[in-house]
Amino acid sequence: TLGCNTVPTETPPDLGRHTFPVQTAAAAAQRHFDRGLMWCYAFHHDEARRSFSAAVTADPDFAMGFWGLAYAAGPHINNMEMSEDATKFACDNAA
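Parameters and conventions
Residues numbered from 1 in each chain as written. Predicted model: local features only at pLDDT ≥ 70, side-chain atom pairs only at ≥ 80, totals over all residues. Heavy atoms only, no water. Helix = DSSP H or I, 4+ residues; strand = E, 2+ residues; numbered from the N terminus. Buried < 20%, exposed > 50% of the residue type's maximum accessible area, 1.4 Å probe, protein only. Areas by Shrake-Rupley, 256 points an atom, 1.4 Å probe, with all protein chains shown as cover. Axes fitted to C-alpha atoms, helices over the stretch in contact; angles between N-to-C directions. Parallel < 35°, antiparallel > 145°, perpendicular 65-115°, else oblique. Left-handed = near helix turned anticlockwise from the far one by under 90°. Contact = heavy atoms within 4.5 Å. Nonpolar A, V, L, I, M, F, W, Y, C, P; charged D, E, K, R; others polar. Salt bridge = Lys/Arg side-chain N within 4 Å of Asp/Glu carboxyl O. Core = buried A, V, L, I, M, F, W, Y, C linked by side-chain atoms within 4.5 Å.

**Examining the overall build of the protein chain**
Scanning the protein chain for helices and strands turns up 4 helices and 0 strands. Residue burial in the protein chain is summarised as follows: out of 95 residues, 41% are buried. A total of about 5800 Å² of accessible surface is found on the protein chain, and carbon and sulfur atoms cover 56% of it.

**Looking at the packing of helix 2 (residues 45-58) against helix 3 (residues 63-73)**
Close contact between helix 2 and helix 3 brings their axes to 8 Å; oriented N to C, the two are set at 165°. What the angle tells us is that helix 2 and helix 3 run roughly antiparallel. Helix 3 is crossed by helix 2, and the crossing has left-handed handedness. Facing His45, Ala48, Arg49, Phe52, Ser53 and Val56 of helix 2, the residues of helix 3 in contact are Gly65, Phe66, Gly68, Leu69, Ala72 and Ala73. Split into classes, the residues belonging to the contact of helix 2 with helix 3 amount to 7 nonpolar, 4 polar and 1 charged.

**Some details on the pattern of salt bridges**
The tally for this structure, following the rule as stated, stands at 2 salt bridges. With a closest N to O distance of 2.6 Å, aspartate 92 and lysine 88 form a salt bridge. In this pair, aspartate 92 and lysine 88 are both assigned in helix 4 (residues 84-94), 4 residues apart and thus about one turn of the helix distant. The exposure class assigned to aspartate 92 is partly exposed, which follows from its relative accessible area of 47%. According to the relative accessible area criterion, lysine 88 is exposed, its value standing at 51%.

**Some remarks on the nonpolar core**
Phe33, Cys40, Ala48, Phe52, Phe62, Leu69 and Ala72 are the most contacted members of the largest nonpolar core, which totals 17 residues. For this core, the elements supplying multiple residues, two or more each, are helix 1 (27-41), helix 2, helix 3 and helix 4. Considering each element in turn, this core owes the most residues, 5 residues, to helix 1. If sequence neighbours within four positions are ignored, phenylalanine 33 has contacts with Phe20, Val22, Phe52, Ala55, Phe62, Met64, Gly65 and Trp67.

Encoded structure:
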């Protein structure tokens, strides 16, 4: 499961209606991708990783889902340093 041991809840809190259209044939992949971005914007990167993981599970060829996994695992304003495990996870999912 790409390093995430849980899946996002199907009924998350109301994160708004943001969407970022990406190319995928799976509606579930788009839904999880949008949710992952919203979690990133809310600085809840662990939940974002679960959403992006669900997106690539729905569409294993979904490049933007892998981008989201790397983005959510990378450094951000609330976590400027990355552990060795987080660095490996980001690199593995960016390729």
